[in-house]
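Examination of the molecular architecture
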Amino acid sequence: MKQNMKFLLNTRVLALAVAAATVASCGNYDYRKTESGLMYKIVHRGDESKKIQVGQWLKIHYKATIGDSTLFDTYGRIPVYGKYDTSRRNVHDFIDFLDQMSVGDSAVFIRSVDTMQKRGYLTYNESFKPGGTIKGSITILAVLKGDSQISADQQAESELETKREVAALQKYLDEKKIPGLQKTPKGAFVQITQPGSGVAIDSGMAVTVNYTGTLKNGTKFDSNIDSSFGHAQPYEFVVGQAQVIAGWDDAMKYFRQGGKGKIYVPAMLGYGGNAQGDKLPAYSDLIFDVEVVAVKPPAAPETMPSPSPAHH
């Protein structure tokens, strides 16, 4: 349930990223063309004397669309981080013109589905049709140096995104006028509908729960009481051990054995920018109906027998 924001700006990874990419439609006026036929246009806003260099770690916003469908979009969300680690050209992606860009620059580009299919980057399907195009945009936000600077920047962006999402979810719940909500320290929201009378949950305890997860639009994405999801059995985990999403770890301490309620989880305390199949898009806020079936105290630590006194 943890996410790694790093990726390498090489041909293979970008081919996967493109199976998730686009930008607003635009004409071909003032576009340039690479050897592979990639159409692109750069808007220079940075220092043109300081072009991107191979080997630099970049912080970027990236968006890609096909038709009316957005495949990938970090604008207004957490940027992506990657190392410009290849000098290869003619790969039919923004790597082909990245060395013409500086920090602060933006660009739009158009990839041919046919070219990508011929190169083995994708296969034709209902989304990627013959003759289609994938439209993309990129903005170079910064060049970062060293793991410590990258990690600190990622952490700061993650915290900003979490704050945005918690505030947005709070507004949504206020508008719904949902009674009895409690906000957890990390920013999930709990509504206890049946208090329960058993053991209060705390870190280290093993809990067994039944649950159903839905999106705010009502789409059910998972359940262990609905056999259609293939795992209709109580779910057990240890609280506070990062065995579940952060929103659950935070919220479970508000329940007792026998308790029932709802947990409202902002996306960054759930799966963040990682989509989970077709039913759970990236950056989805999650709603769980939860029933606590059982609570077990932490297992006592094993102790080694005391050594026998030495005989002299």
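Note that the structure is predicted; figures quoted are calculated from it, not measured.

1. What to know about the overall build of the chain
Summing up its helical and strand segments, the chain has four helices and 15 strands in all. Here the chain holds 312 residues, and the buried ones make up 43% of them. Of all intrachain contacts in the chain linking residues separated by at least 6 positions in sequence, the fraction that spans at least 24 positions is 70%. Per element, the accessible surface of the chain, about 16,700 Å² overall, is 50% carbon and sulfur.

2. Side note on the pairing of strand S5 (residues 69-73)
With four bridges connecting them, strand S4 (residues 57-66) and S5 associate as antiparallel partners. Paired with Lys 63 across the bridge in S5 is Asp 73. Linking S4 to S5, which pair antiparallel, is a turn of two residues; within it Gly 67 sits at a positive phi near 60°.

3. Points about the side chain of Asp 222
Turning to its location among the elements, Asp 222 is positioned in strand S12 (residues 220-223). Side-chain polar atoms of Asp 222 contact the side chain of His 231, separated by 2.8 Å. Once residues lying within four places of it in the same chain are set aside, the contact partners of Asp 222 are Tyr 211, Thr 212, Gly 213, Phe 229 and His 231.

4. Regarding the environment of Ser 228
The residue Ser 228 is located in the loop between S12 and strand S13 (235-238) in this model. Its relative accessible area of 58% is what places Ser 228 among the exposed residues. Polar contacts involving the side chain of Ser 228 include one to the side chain of Asp 226, which spans 2.7 Å.

5. Brief notes about the pattern of salt bridges
The final tally for this structure, using the stated rule, is 10 salt bridges. Residue Glu 165 pairs with Arg 77 through a salt bridge whose shortest N-O separation is 3.3 Å. Of this pair, Glu 165 sits in helix H3 (residues 146-176) while Arg 77 sits in the loop between S5 and strand S6 (80-83), and the two are 88 residues apart along the sequence. Under the relative-accessibility criterion, Glu 165 is labelled buried at 5%. With its nearest N and O atoms 3.0 Å apart, the salt bridge here joins Lys 216 to Asp 285. Note that Lys 216 is positioned in the loop between strand S11 (206-214) and S12 and Asp 285 in the loop between strand S14 (260-265) and strand S15 (286-296), a separation of 69 residues in sequence. Relative accessible area serves as the criterion here: at 12%, Asp 285 is assigned to the buried category. Taken together, the shared-partner salt bridges connect Arg 77, Glu 161, Arg 164 and Glu 165 into one network.

6. Observations regarding H3
Taking 1.5 Å of rise per residue, 31 residues should cover 45 Å, and H3 covers 45 Å from first to last C-alpha, within 8% of that figure. Among the residues of H3, Ile 150, Asp 153, Gln 154, Glu 157, Glu 161, Thr 162, Glu 165, Val 166, Leu 169, Tyr 172 and Leu 173 are the ones counted as buried. Positive backbone phi, approximately 55°, marks Lys 177, located one or two places after H3.

7. Structural notes on the confidence of the model for the chain
Here the chain shows a mean pLDDT of 87. Residues at 70 or above account for 86%. Here residues 1-28 scores under 50 on pLDDT; set against residues more than four positions off or in separate chains, the count is 98 contacts. pLDDT under 50 marks residues 308-312. Its contacts with residues more than four places away, or in other chains, come to zero contacts.

8. Some thoughts on the packing of aromatic side chains
Inspection of every chain in the model, using the stated rule, returns 14 aromatic pairs. Aromatic pair Tyr 211 and Trp 248: ring centres 5.3 Å apart, planes at 85°, arrangement edge-to-face. Taken together, the residues span a long stretch of sequence, with Tyr 211 in strand S11 and Trp 248 in helix H4 (residues 246-251) at a distance of 37 residues. A relative accessible area of 4% places Trp 248 in the buried class. Lying across the ring of Tyr 172, Lys 216 places its NZ or CZ 4.8 Å from the centre.

What counts as what
Residues numbered from 1 in each chain as written. Predicted model: local features only at pLDDT ≥ 70, side-chain atom pairs only at ≥ 80, totals over all residues. Heavy atoms only, no water. Helix = DSSP H or I, 4+ residues; strand = E, 2+ residues; numbered from the N terminus. Buried < 20%, exposed > 50% of the residue type's maximum accessible area, 1.4 Å probe, protein only. Contact = heavy atoms within 4.5 Å. Areas by Shrake-Rupley, 256 points an atom, 1.4 Å probe, with all protein chains shown as cover. Pairing = 2+ DSSP bridges. Polar contact = N/O pair within 3.5 Å; in protein donor to acceptor, adjacent residues only side chain to side chain. Salt bridge = Lys/Arg side-chain N within 4 Å of Asp/Glu carboxyl O. Expected span 1.5 Å × (residues − 1). pLDDT = per-residue confidence, 0-100. Phe/Tyr/Trp six-rings, centres within 6.5 Å; stacked < 30°, edge-to-face > 60°. Lys NZ or Arg CZ within 6 Å of the ring centre and 35° of its normal.

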